[in-house]
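Geometric and topological summary
Each chain, letter by letter, is given below.
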Amino acid sequence: MSFTELRAYVVENREDIEALRFLMSKRDPNSPKYPMPVTEADMQAQMEIIRRKINGEL
């Protein structure tokens with residue numbers, strides 16, 4: 001099963017904790033970590049990062 005297929009399976013079968021744990025174990029350990037937003041400005045900054053990532057700008 002490819003990563004994309006596994007991700008689709010987990011989205012459709014959210015109660016399958018074992019599959020979710022396996023999916024999370026396959027994430028890239030070098031991917032950037034973002035802190036939890038505390039203020040409204042933090043939330044807006046994080047939303048901008050997400051928007052840019054979706055649009056392929058990052």
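Look above for the structure.
Now for a look at the structure at hand.

Conventions we followed
Residues numbered from 1 in each chain as written. Predicted model: local features only at pLDDT ≥ 70, side-chain atom pairs only at ≥ 80, totals over all residues. Heavy atoms only, no water. Salt bridge = Lys/Arg side-chain N within 4 Å of Asp/Glu carboxyl O. Buried < 20%, exposed > 50% of the residue type's maximum accessible area, 1.4 Å probe, protein only.

**Points about the pattern of salt bridges**
- Within this structure, the stated rule accounts for three salt bridges.
- Here E57 makes a salt bridge to R51, at a shortest N to O gap of 3.6 Å.
- The exposure class of E57 is partly exposed, given its relative accessible area of 43%.
- Judged by relative accessible area, R51 falls into the partly exposed class, the value being 36%.
- Put simply, E57 and R52 hold a salt bridge, and the shortest N to O gap is 3.6 Å.

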